[in-house]
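# Coordinate inspection notes
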Amino acid sequence: MGSADHLWPAPTADGPVDADVRLPGSKSVTNRALILASLADGPSTVSAALRARDTRLMVRGLRALGVGVERLGDAGDPSGSSADWRVTPGPLKGPAHVDCGLAGTVMRFLPPVAGLAKGDIRFDGDPRARVRPMGAIVTALEAVGVPIDDDGRGTLPFTVRGKGRVAGGRADVDASASSQFVSALLLSGARFDQGVEVRHKGSAIPSMPHIGMTVSMLRESGVEVAESADDPTKARWTVSPSRIRAVDRTVEPDLSNAAPFLAAAMVTGGRVLVRDWPKQTTQAGDALRGLFSEMGGEVSLGKKGLTVQGPDRVRGIDVDLHDVGELAPVLAAVCALADSPSRLRGIAHLRGHETDRLEAIVAQINALGGDVSEKSDGVRIKPKPLRGGVFATYDDHRMATAAAVLGLVVPGILVQDVGTTAKTLPSFPALWTQMLGIPEVREVKGA
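Residues numbered from 1 in each chain as written. Predicted model: local features only at pLDDT ≥ 70, side-chain atom pairs only at ≥ 80, totals over all residues. Heavy atoms only, no water.

### So, the packing of aromatic side chains
Summed over all chains, the structure comprises 5 aromatic pairs. Taken together, a centroid distance of 5.9 Å and an interplanar angle of 65 degrees make the contact between Phe 261 and Phe 428 edge-to-face. Of this pair, Phe 261 sits in helix H7 (residues 259-268) while Phe 428 sits in helix H12 (residues 428-436), placing them 167 residues apart in sequence. For the pair formed by Phe 261 and Phe 428, the shared burial category is buried. Plain terms: the ring middles of Phe 428 and Trp 432 are 5.2 Å apart, the flat faces sit at 35 degrees to each other, and that makes the pair tilted. Of the two residues, Phe 428 and Trp 432 both sit in helix H12, 4 residues apart, roughly one turn of that helix. Of the residues examined, Phe 428 reaches a relative accessible area of 0% and is grouped as buried. Given a relative accessible area of 0%, Trp 432 falls into the buried group. (Phe/Tyr/Trp six-rings, centres within 6.5 Å; stacked < 30°, edge-to-face > 60°. Helix = DSSP H or I, 4+ residues; strand = E, 2+ residues; numbered from the N terminus. Buried < 20%, exposed > 50% of the residue type's maximum accessible area, 1.4 Å probe, protein only.)

Structure below.
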């Protein structure tokens, strides 16, 4: 599974979906927890961590730098998508090679850690990773005293010339392309000699909840963080130099990966419960509660988790997704099946994700007979009857899950490379068919 020349027949629901779903841990929390544990003052455990491509790449990168990461067990998850990890910090050293794959958290969070190592650390990744924006992190690291050889490209591949310590200080960063540029510096900043002061210079930062997650987890680890983010174009964060306290953490379910499952309730008029939804969280996926409620769903958070009861007819929506852009592909699929037009705004930054997600959303829904137009900061969607066809995913896990949502209502959709979902949810095809109560669907050879 996972070959680009294989097609996955997206199953069509034969009625309203009625299911309870249990999802593995958050990728965003897992990779932040692994970084902090690797820089801490002693060993710690990360429980119920996600085991997916992005987190495996993070583990391998940390091990390459000299960190001990030992798998303790499968966290009671028979699918193998969750694990308990014991992380033992060690002397960071090179030479080493870090394969970033297509993981933004790996290619952006690990270079500051590599600056603390002694030796050369080379970073590279998938072909598509070489076009993802990296110039801001390269410039910022050079400003705090980390030499980087990138031949002036501002993209992968590059080499961090680690000196064993980082001076730190002030770094001016244009994080308008990704909030990960800020989180990357904050996560390692306490270990810099002078700490770090990150000043954003540019238009509003997307996905601010992810920075909030970083700040919250740093504070849980005893790190002092001051922030001034009232003006999103002049936000500033300061991390004081200090030890990072070893903290045992249990990872929450991935709420962004809940999007297609809750969307299944919306588009079929069914009911889906996602178990163990936290009552308080910094995850961006928590915004699904308000979004699906606005589109006509009945949303309730109880002791077992979050339940969405889908409406008879889905309402279109006009919404700014600047802070939660990762939800856009699945939300676009739901909007394409709504009874009125929608506009998804504030997501120009999605052009620099795993693929140009705006272009991909437009091209693939329109290829099925839809009417989606690209705007400067998002997309406009006018619902039309859709037909089956091949849905390309561009190595983008969120495009694959969006296609699965459309397939619930539109017969004959063939998803190219559904295996790309292994980036953050390796058990997606099995979980999807389990939700529908049908045998797992196998891929077929493409034409």
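Once the structure has been displayed, the description carries forward.
### Some details on the packing of helix H9 (residues 328-336) against helix H11 (residues 397-407)
The contact between H9 and H11 brings their axes to 8 Å, and the two run at 20 degrees. Taken together, the axes of H9 and H11 lie roughly parallel to each other. Here the hand of the crossing between H9 and H11 comes out right-handed. Contacts from Pro 329, Val 330, Ala 333, Val 334 and Ala 336 of H9 reach H11 at Arg 398, Met 399, Thr 401, Ala 402, Val 405 and Leu 406. Grouping the amino acids of the contact of H9 with H11 by side-chain chemistry returns 9 nonpolar, 1 polar and 1 charged. (Axes fitted to C-alpha atoms, helices over the stretch in contact; angles between N-to-C directions. Parallel < 35°, antiparallel > 145°, perpendicular 65-115°, else oblique. Left-handed = near helix turned anticlockwise from the far one by under 90°. Contact = heavy atoms within 4.5 Å. Nonpolar A, V, L, I, M, F, W, Y, C, P; charged D, E, K, R; others polar.)

### Quick notes on the sheet that holds strand S1 (residues 6-9)
In space, the 4 strands of this open sheet follow the order S22-S23-S1-S24, with mixed pairing throughout. Because the sheet does not close on itself, it has two edges, and the strands there are strand S22 (389-391) and strand S24 (444-445). Where S22 and strand S23 (residues 413-416) come together, 3 bridges link them in parallel fashion. What sits directly across from Phe 391, in S23, is Val 415. (Pairing = 2+ DSSP bridges.)

### Looking at empty space enclosed by the protein
Throughout the structure, instances matching the rule amount to 3 cavities of 30 Å³ or more. Lining the largest cavity are 32 residues, with Lys 27, Gln 180, His 210, Glu 326 and His 353 sitting closest to its centre. Secondary-structure elements contributing two or more residues to the lining of the largest cavity are helix H1 (27-38), helix H3 (104-115), helix H6 (208-220) and H11. A total of 4 residues in the lining of the largest cavity trace back to one element, the largest contributor, which is H3. Looking at side-chain class alone, the lining of the largest cavity contains 6 nonpolar, 16 polar and 10 charged residues. The calculated volume of the second largest cavity comes to roughly 60 Å³. Ser 256, Asn 257, Ala 259, Pro 260, Glu 326, Leu 327, Val 330, His 397, Arg 398 and Thr 401 together form the lining of the second largest cavity. Among the secondary structure elements, those contributing two or more residues to the lining of the second largest cavity are H7 and H11. Counting residues per element, the lining of the second largest cavity draws most heavily on H11, at 3 residues. For the lining of the second largest cavity, the class distribution of residues is 4 nonpolar, 4 polar and 2 charged. (1 Å grid on protein atoms, 1.4 Å probe; cavity = no way out; pocket = protein on both sides within 12 Å on 5 of 7 lines; lining within 4 Å. Points joined across faces, edges and corners; volume = space filled by probe spheres on them.)

### Thoughts on the sheet that holds strand S8 (residues 148-149)
Taken in spatial order, the 4 strands make up an open sheet running S6-S7-S9-S8, and their pairing is mixed. Bordering the open sheet on either side are strand S6 (96-99) and S8, each of which pairs with just one other strand. Pairing between S6 and strand S7 (residues 118-124): 4 bridges, direction parallel. Residue pairing for S7: His 97 is matched across the bridge by Arg 122.

Taken by themselves, the reported measurements are silent on function.
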